[in-house]
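Examining the three-dimensional arrangement
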Amino acid sequence: MLAHAWIIPLIPALAFLLILGIGKKLPRGGSEIGIASVAICFVLALAVAAGWIGRVNNPPEASGSHGAEVEHVDEGPASGSEGEAEPADEEHGAPAAGLAEGQTAAPLTPAAPAAPAAEEEGAEAEEHHATDPVVRNITWFQNGGVEIKVGTLVDGLSAVLLVVVTLISLLVHVFSTDYVAGDRRYTHYFAFLSLFTSSMLFFVLAENTLQMLVGWELVGLCSFALIGHWWEEKPNSDAALKAFLTNRVGDVGLLCGVIILYFAAGQTFDTVAINTMANEGEIRHFLLLVASLSLLTAVMSKSGQFILHTWLPDAMAGPTPVSALIHAATMVVAGVFLIARLYGVFFNGLSIGTSNINAMALIGAVTLLFGAFLAFVQSDIKKVLAYSTVSQLGYMVMALGVGAWTAAIFHLFTHAIFKACLFLGSGSLAHHIHSFDMKKDMGGLRKVMPKTFWTFMIGTAALVAIPPFAGFWSKDEILAGAQQLGGDGGYPVMLVMGTLGAACTGAYMTRAIWYVFFGERRGASATHDMHENGPRITVPLIILAGLAIVAGFTNVPDTGALSWVPEDLALRFEHFVEPTAGYFPGELPSFSHPEFNIVLALVSTLVGLAGVAGAYLWYWKGLGPHGLTERNRFARAGYRVLENKYGLDILYTDVIAGSTKGPIARGVYWFNQNVIDGLVNLVGTSARSAGTWVYQRIDQGVVDTVVNSSGSAAEGSGEVLRKAQTGKVQAYGAYLFLGAAVLAAIFVVIAS
Amino acid sequence: MLLNQFLLLAAVLFCIGVYGVISRRNGVLVLMSIELILNSVNINLVAFSAMTGAVSGQVFALFVIAVAAAEVGVGLAIVLAIFRTHRTVDLDDVDLMKG
Amino acid sequence: MAGLLLAAAANADAPVLVAQNVAFGLIAAMMVFSAVRLVTTDNVVHAAAYLVMVLGGAAAQFILLGAEFIAITQVLVYIGAIVVLFLFGIMLTKAPMKGTEKLSRDNWLLGSLTSLVLLALLGFALLDGFGGDKLPADLAPTDTRAVSDSIFGTYLVPFEVISLLLLAALIGAIVIARRD
């Protein structure tokens, strides 16, 4: 199955065409095709994951010192298959060499005391570093001696994303059959869900950077189409455009990064080769830095990192299941995936292993904190969740920035589950009242919608990182990474910001729960007959909530205070998912895993609970300085800043976009009015005084003549030139032929 | 046979076509003159194909014929549309671009 | 102009191909005459007839050059379809049949100037560039199979594009010419 992973993106792609073609004629409008295809994909993804687990446990061929055998199936087009065997071997000679080097390089847990567990883990890591990804590719086209390939790369990272994408997509499909039932573009909706699933799977399986670029753009396109699903309403189409255009900014970065890496790595798009070369220092550090910064721009736009995050909350204009699938669980993590996939480039380009602060960690930390602040002032529950997504993506990027690769992917995994649960929960809440405004239209819903309430509570607990829910394990690992990794002394700034973010998360989620589930029923929910939704909505919620409880146990640490955890159960996620091939910077001694720190875990949990408690006291008990924003100027100003989303939208639309038309025009006008007119006036006044003097000396008639004749000359020439514009096409044709003839005559004369 | 005799014939036809395009008032006649020009190109292509023995020239001549068919279709449609709006096919009367 | 071409044909020192040269000269003279009448006649239907003669002459020249398939296509497509289309166009636009209205513009001077300049230039360039180049003496008719192999092999994509272009032109012509 590992070598046949290419089937997985193909199935939903075919489903997309089928739904578009015959979906309208089917009894369920094409949704059955979508669900069937995604279900098949899910099963296949599980098979891939199982295959990968088996491969890690029993590597197909023990890695000798002269390189691991790679199950590298290379298929050329029928004509040229022979010629390709050789480059394929070369291609994989490199990672193998990296591996051999890496095995002599050493201890993976520098901060760990020489506990036997750590030793064993090190040994184990050493052992499973031997597992190479399964690469399979065919030549797409050849051009000027460069072969562009297309293929699949399956390793732990792809496998986990395959499972996540297909699982969430399947649940969202089921949810949608009820949620968008009777929609005016029901078939179109499912067609695009299928196309999105296909593109995302294509992206995560991409074998080279060019393919990633294609997948990246495809998911962006689907996102655009689905945000604008109800494009008849202006805000929706505006939001779709905004998402698309903001992502274009990042796409330029991605394109630049891909091109830089292509040339820096000796004209190859192969991710394995690029990572290997980056790790072995075959690419100049400066090039790596520029490439990683370019790619970081792309990540900032796609994964909603601070200052390019503005499209993500607006993207909530799309249908809620789409928000759950695309704008929370899968597409927005494409940026995180990109970093993870090209981690060798980022790791070396940004000096992650040896520094205490870097651009990526900083961006992540700022995003997680600022996104969390913004979640406080939203009255739309989906916007709260959207900013929460921004904030959690910030955690992931920060984790990658501090070198905690596994923690980032683990958080991606758990976050996809519990955030999908929360989003679908919000969809369930709004299904009857068609409003997401929790201040105006919700409240007191815990009695009438018990299943939604409990699943939402579980999702919230996971998000707020209360042990033992999923979010706790992943967030704790990130914070431990920020504390322990890096050059010396960890990343203190990131640690503090991450912990503060935890408190904010607790507080804003508690606020949302207060508004939605407690208090009096308000607005539409009071007048409307509210009741629990049908099984097609609640069952996905229950499944996701169940997973949100247990998903964290896939990576229970067995170090520190948790050293009693049996080794066979601990760190399964890390064991299987972490890229185990030679191209991963894990081979470098500077890359390591944080160990479980009970104090940090307690502190972060307590901080998170403090946020919850603060919000509880504020809303339930009415404690605290309510009405502060009315009384205090500074508080009001802060609130205003948050309400205006730090003014970024204004910056983009009015300042940056507007400057291409309005301000430039105004500036030119000002220049015209003040500078040119001033000059003219100055010349005029000085000329007048001179003129009165000249008037007496020089014949007035001469001056007049000059002035008049220049005026009439202009008029006359205009009159003459106007005649040339006869509007007669044939005259223009004659001029064209004459001009061409003259030009050709010149060439002939020159040539002969 | 000389290659040049065909090329010169094509050149003559081309120039006559250009004259027709410039000096005819009737839109249909202008289109006919364009056909002349395209035909001279075809003669060139086939002559060079015979000269070099490569078949590509003939293939392109076929493509030119196909494009000419398309061009006549659209061109006559435009002439018809002009005739409907202006009640004339005299291109001198169609001077909306006059400055 | 025809005389020039005839002279060129007569000057060719290839005695074996007299028949072809004579045929070329006659056809070329007919074509040039028809072309000149095509752009000068005052009768639109006559112009169409002259066009048929020029196109037929071109087809004959193609046969002389050994391109039989092109010649047949020329007859089928041009004379069979395009000229008929022109006749439809003439009838639908109710163009005057007699020289009641001048069909040429007053500034024919501009046109003749342009075309003469072009002709001088082309003539000079051709005589300069291909002065005495001879066509192969054993000019066998091209195998139609070779043409089709080339179209459906090397030029398959352009061929598909052309078919799409024809479709687009068809739709475009309908859209432009429809009554509402």
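On a predicted model such as this, the values are computed, not experimentally measured, just so you know. Residue positions within a chain follow its written sequence, with the count starting from 1. Lettering for chains starts from A, numbering for ligands starts from 1, and both go in the order in which the items are written. Totals for whole chains, interfaces and linings use all residues, but because this is a predicted model, local features are given only for residues with pLDDT of at least 70 and pairs of side-chain atoms are given and counted only at 80 or more.

A run of DSSP states H or I qualifies as a helix once it reaches four residues; a run of E qualifies as a strand once it reaches two. Both are numbered from the N-terminal end. Within chain A one finds 31 helices and three strands. By residue count, 51% of the 752 residues in chain A fall in the buried class. In this description, a residue-residue contact is defined by the distance between C-beta atoms placed from the backbone, which must lie within 7 Å. Restricting to contacts in chain A with at least 6 residues of sequence separation, those with at least 24 account for 80%. With C-beta atoms placed from the backbone, a residue counts as buried when 20 or more other C-beta atoms lie within 10 Å of its own, as exposed when 12 or fewer do, and as partly exposed for counts between those limits.

Right, let's get into the overall build of chain B. Within chain B, the regular secondary structure consists of three helices and zero strands. Ordered by position from the N terminus, the helices and strands of chain B form the series α-α-α. Put simply, chain B has 99 residues, and 68% of those count as buried. Long-range contacts, defined as pairs at least 24 residues apart, comprise 46% of the intrachain contacts of chain B with a sequence gap of at least 6.

Now for the nonpolar core. Residues enter a nonpolar core if they are buried, belong to Ala, Val, Leu, Ile, Met, Phe, Trp, Tyr or Cys, and are joined to the set through C-beta atoms within 7 Å. Counting residues in hydrophobic clusters, the biggest one holds 205 residues, and the most contacted among them are Val336, Met398, Ala408, Ala420 and Ala548 of chain A. If you tally residues by element for this core, the top one is helix α17 (residues 405-433) of chain A, at 17 residues. Counting 88 residues, the second-largest nonpolar core is a separate cluster that includes Leu36 and Leu38 of chain B together with Ala47 and Leu55 of chain C.

Our next topic: the interface of chain B and chain A. Contact with chain B, which involves 10 residues of that partner, is made by 10 residues of chain A. Grouping the constituent residues of the side of chain B that touches chain A by class yields six nonpolar, one polar and three charged. Gly is put with the polar residues, along with every residue not named as nonpolar or charged; the nonpolar set is Ala, Val, Leu, Ile, Met, Phe, Trp, Tyr, Cys and Pro, and the charged set is Asp, Glu, Lys and Arg.

A word on the packing of helix α1 (residues 3-23) of chain B against helix α2 (residues 27-52) of chain B. All names here are of chain B. Following both chains from N to C, one finds α1 and α2 inclined at 165°, their axes separated by 8 Å at the closest point. Relative to α2, α1 is oriented roughly antiparallel. In terms of crossing hand, the pair formed by α1 and α2 is left-handed. Contacts from Leu3, Phe6, Leu7, Leu9, Ala10, Leu13, Phe14, Ile16, Gly17, Val18, Gly20 and Val21 of α1 reach α2 at Leu29, Val30, Ser33, Ile34, Leu36, Ile37, Asn39, Ser40, Ile43, Asn44, Ala47 and Met51. Axis geometry follows a simple rule: fit a line to the C-alpha atoms, using only the stretch in contact for helices, then measure angles between N-to-C directions, giving values from 0 to 180 degrees. What sets the label is the angle itself: under 35 degrees gives roughly parallel, over 145 gives roughly antiparallel, 65 to 115 gives roughly perpendicular, and the rest give oblique. Left-handed describes a crossing in which the near helix is turned anticlockwise from the far one by less than a right angle; the clockwise case is right-handed.

All right, on to the interface of chain C and chain B then. Where interface size is quoted, it is often the accessible area lost as the parts come together. Listed as interface residues are 78 residues of chain C and, on the opposing side, 61 residues of chain B. Looking at the side of chain C that touches chain B, the elements that each hand over two or more residues are α1 (2-11), α2 (18-40), α3 (44-64), α4 (68-92), α5 (108-130), α6 (144-152) and α7 (156-177) of chain C. In terms of residues, the side of chain C that touches chain B owes the most to one element, α5 of chain C, which gives 13 residues. Looking at the side of chain C that touches chain B residue by residue, the class counts come to 58 nonpolar, 17 polar and three charged.

The next subject is unusual backbone geometry. Not every positive phi belongs to a glycine, and Ala465 of chain A is a case in point at roughly 70°. Residue position: Ala465 of chain A is located in the loop between α19 (450-464) and α20 (470-484).

So, on to the packing of helix α5 (residues 156-179) of chain A against helix α12 (residues 320-329) of chain A. Residues and elements named next belong to chain A. One way to put it is that α5 packs onto α12 with a least axis distance of 8 Å and a crossing angle of 165°. The pairing of α5 with α12 is recorded here as roughly antiparallel in orientation. Note on packing geometry: the crossing formed by α5 with α12 is right-handed. Across the interface between the two elements, Val164, Ile168, Ser169, Val172, Phe175, Ser176 and Tyr179 from α5 touch Thr320, Pro321, Ala324, Leu325 and Ala329 from α12.

Another aspect to go through is helix α31 (residues 729-751) of chain A. By this rule the span expected of a helix is its residue count minus one, scaled by 1.5 Å. Between its first and last C-alpha atoms α31 of chain A spans 32 Å; for 23 residues at 1.5 Å apiece the expected length is 33 Å, and the two agree. Along α31 of chain A, the residues classified as buried are Gln730, Ala731, Ala734, Phe737 and Ala741 of chain A. Where the residues of α31 of chain A are buried, they touch α1 of chain B together with α5 of chain C.

Once that is clear, we can look at α7 of chain C. When the terminal C-alpha atoms of α7 of chain C are compared, their 31 Å separation across 22 residues agrees well with the 32 Å that a helix rising 1.5 Å per residue should span. Regarding α7 of chain C, the residues found buried are Ile162, Ala169 and Ala173 of chain C. An end-on view of α7 of chain C places all buried positions within 30° of arc, on one side of the element. Facing away from the buried surface of α7 of chain C by more than 90 degrees, the exposed residues are Leu156, Val157, Glu160, Val161, Ser163, Leu164, Leu167, Ala168, Ile171, Ile174 and Val175 of chain C. Its buried side turned inward, α7 of chain C meets α3 (56-86) of chain B. What the arc measures is the spread of directions leading from the helix axis to the C-beta atoms.

As a per-residue quantity, pLDDT reports the predictor's confidence and falls between 0 and 100. Predicted confidence across chain B gives a mean pLDDT of 88, with 97% of residues reaching 70 or more. ipTM for the predicted complex: 0.90, alongside a pTM of 0.62.

What follows is about the environment of Gly552 of chain A. Residues and elements named next belong to chain A. With respect to the element layout, Gly552 can be found in the loop between α23 (535-550) and α24 (572-577). Looking at Gly552, the number of C-beta atoms within 10 Å reads 28, which means it is buried. Between the alpha carbons of Gly552 and Pro468 there is a distance of 7.4 Å; along the sequence they are 84 residues apart. Each residue touching Gly552, except ones within four places of it in the same chain, is listed here: Thr414, Pro468, Phe469, Ala470, Phe472, Trp473 and Ser474.

Right, let's get into the environment of Gly335 of chain A. Residue and element names in this part refer to chain A. Counting through the fold element by element, Gly335 comes out in helix α13 (residues 334-341). The class of Gly335 is buried, set by 27 C-beta atoms lying within 10 Å. Between the alpha carbons of Gly335 and Met396 there is a distance of 10.0 Å; along the sequence they are 61 residues apart. Other than its neighbours up to four places away in sequence, Gly335 contacts Ala298, Val299, Lys302 and Ser303.

Our focus in this paragraph is the confidence of the model for chain A. Caution applies to low-pLDDT regions: their predicted coordinates should not be interpreted in detail. For chain A, mean pLDDT is 76; residues scoring 70 or higher make up 76% of the total. In this model, residues 62-129 of chain A is a region of pLDDT below 50 whose contacts with residues beyond four sequence positions or in other chains number 94 contacts.

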